[in-house]
Amino acid sequence: MTAEEVVASLESGMTLGIGGWGSRRKPMALVRAIFRSSLTDLTIVSCGGPDVGLLCAAGKVRRVVAPFVTLDSVPLEPHFRAARRSGAVEFTEYDEGMFMFGLLAAAHRLPFLPTRAGLGSDVMRANPELRTVRSPYGGAGTPHGAPGRDAGGAAGEEGEELVAVPALTTDAALVHLDRADTRGNGQYLGPDPYLDDLFAKAAARTYVSCEQLVGPGRLAGPPQTLLVSRMHVAGVVETPDGAHFTECADRGRDEAFQRHYAASAADPDAWAAFTGRFLSGGETAYRDAVRRWHEEEDR
């Protein structure tokens, strides 16, 4: 597929999961295609980075569900921060452990999963919709098959209170991987899979963008690098440098351009100039504009 074909399959009001982590291996070519589209009123589920910020800046987002929204080397994503300060977007906050359990619950088609993550923290205050459940198996550490005991040792009584993290089910997921084959199997080559496999499994359908598209059986390397199975993938898009400006295994993060992006967010005129120069056309125009900008900066 093309990035435009992926976006044409989406609808306003959808809940979209976006893989990657902060400013690392984000499907930015697909995000830029959404930026240029007429889609609105989106709920974005993400370990957020410039994907969230860019879509907030474009007025595409109604709600963000995330444990954080950061550019890594730039601590706070400036467009997301501005959107929150102005009240333009709603925010559902989880800690990282709760977020993972929400994706895991959706991946297994469960309504929720219990976890200790979040207990005793302000996450419960900031997200009053969260509920707790009690373990029916007694205290922690009860041997398998033994009578249930609570912390006080009473047989048959319920155990500890746990957070019931709701499933983070999404209408569609967008992930970017280093390699993919034409059947939709996706491979990562970096040090961390992030949560991309869970995003794919938690979604009704998944679209994979990749640095390089190969034929079936051409994904060489250890089997554990084959992160996303074709059974979850509705379409695959070859997008060389499609994670730019975020970090990818073949290409490091473009720190200079990221700083330019963040600085442009501070001023409406500067942001208008940024979007006009870099985001008004397709991916070929984007890559050409970034190349020319670097040439100017290097003079």
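## A short note on the packing of helix H8 (residues 255-264) against helix H9 (residues 268-278)
For step 1, the next point in the chain: Contact geometry of H8 with H9 gives a least axis separation of 8 Å together with a crossing angle of 135 degrees. One finds that H8 runs oblique with respect to H9. Counted together, Phe257, His260, Tyr261 and Ser264 of H8 and Ala270, Trp271, Phe274 and Phe278 of H9 form the full contact between these two elements.
For step 2, the next point in the chain: Taken together, the residues that form the contact of H8 with H9 break down as six nonpolar, two polar and no charged.

## Quick notes on helix H5 (residues 96-107)
For step 1, the next point in the chain: Here H5 contains twelve residues, and its C-alpha end-to-end distance of 16 Å stays within 8% of the 16 Å for a straight helix at 1.5 Å per residue.
For step 2, the next point in the chain: Packing partners of the buried residues in H5 comprise strand S2 (42-46), strand S3 (61-66), strand S5 (112-115), helix H6 (123-126), strand S7 (161-166) and helix H7 (196-202).
For step 3, the next point in the chain: Capping the start of H5 is the job of one residue whose side-chain oxygen sits 3.2 Å from the backbone nitrogen of glycine 97: aspartate 95.
For step 4, the next point in the chain: Arginine 109 lies just past H5 and shows a positive phi near 55 degrees.

## Here's the deal with the side chain of aspartate 254
For step 1, the next point in the chain: As for its placement among the helices and strands, aspartate 254 is situated in the loop between strand S12 (233-238) and H8.
For step 2, the next point in the chain: Lacking a salt bridge, the buried aspartate 254 has arginine 259 as its closest oppositely charged neighbour, with an N-O distance of 7.3 Å.
For step 3, the next point in the chain: Once you skip the residues sitting within four places of it in the chain, aspartate 254 turns out to touch His244, Phe245, Val290 and His294.

## Side note on the sheet that holds S5
For step 1, the next point in the chain: The strand order S5-S7-S6 describes an open sheet built from three strands, whose pairing is antiparallel. If you trace the sheet from one side to the other, it starts and ends with S5 and strand S6 (131-134), each paired once. Sheet twist, expressed as the average angle between the axes of neighbouring strands with direction ignored, equals 40 degrees.
For step 2, the next point in the chain: Bridge count between S5 and S7: four bridges; the pairing is antiparallel. In the strand pairing of S7, leucine 113 is matched with valine 165.
For step 3, the next point in the chain: Of the strands in this sheet, S5 and S7 are in contact with H5, which crosses S5 at around 145 degrees.

## Regarding the packing of H8 against helix H10 (residues 283-298)
For step 1, the next point in the chain: Look at H8 against H10: their axes get within 11 Å of each other, and the N-to-C directions meet at 100 degrees. When the axes of H8 and H10 are compared, the pair comes out roughly perpendicular. Across the interface between the two elements, Ala256, Phe257 and His260 of H8 pack against Tyr286, Val290, Trp293 and His294 of H10.

## Here's the deal with the nonpolar core
For step 1, the next point in the chain: In this structure, Ile34 and Phe278 are the most contacted members of the largest nonpolar core, which totals 45 residues.
For step 2, the next point in the chain: In terms of residue count, the dominant contributor to this core is helix H2 (residues 28-35) (six residues).
For step 3, the next point in the chain: For isoleucine 34, the residues in contact, after removing those within four places along its chain, are Val7, Leu10, Leu16, Leu39, Leu42, Leu55, Lys60 and Leu174.
For step 4, the next point in the chain: Ranked by size, the runner-up nonpolar core spans 33 residues in total, among them Tyr94, Met98, Leu168 and Val233.

Reading guide: rules and limits
- Residues numbered from 1 in each chain as written.
- Predicted model: local features only at pLDDT ≥ 70, side-chain atom pairs only at ≥ 80, totals over all residues.
- Heavy atoms only, no water.
- Axes fitted to C-alpha atoms, helices over the stretch in contact; angles between N-to-C directions.
- Helix = DSSP H or I, 4+ residues; strand = E, 2+ residues; numbered from the N terminus.
- Parallel < 35°, antiparallel > 145°, perpendicular 65-115°, else oblique.
- Contact = heavy atoms within 4.5 Å.
- Nonpolar A, V, L, I, M, F, W, Y, C, P; charged D, E, K, R; others polar.
- Expected span 1.5 Å × (residues − 1).
- Polar contact = N/O pair within 3.5 Å; in protein donor to acceptor, adjacent residues only side chain to side chain.
- Buried < 20%, exposed > 50% of the residue type's maximum accessible area, 1.4 Å probe, protein only.
- Lys, Arg positive; Asp, Glu negative; His and termini not counted.
- Salt bridge = Lys/Arg side-chain N within 4 Å of Asp/Glu carboxyl O.
- Pairing = 2+ DSSP bridges.
- Core = buried A, V, L, I, M, F, W, Y, C linked by side-chain atoms within 4.5 Å.

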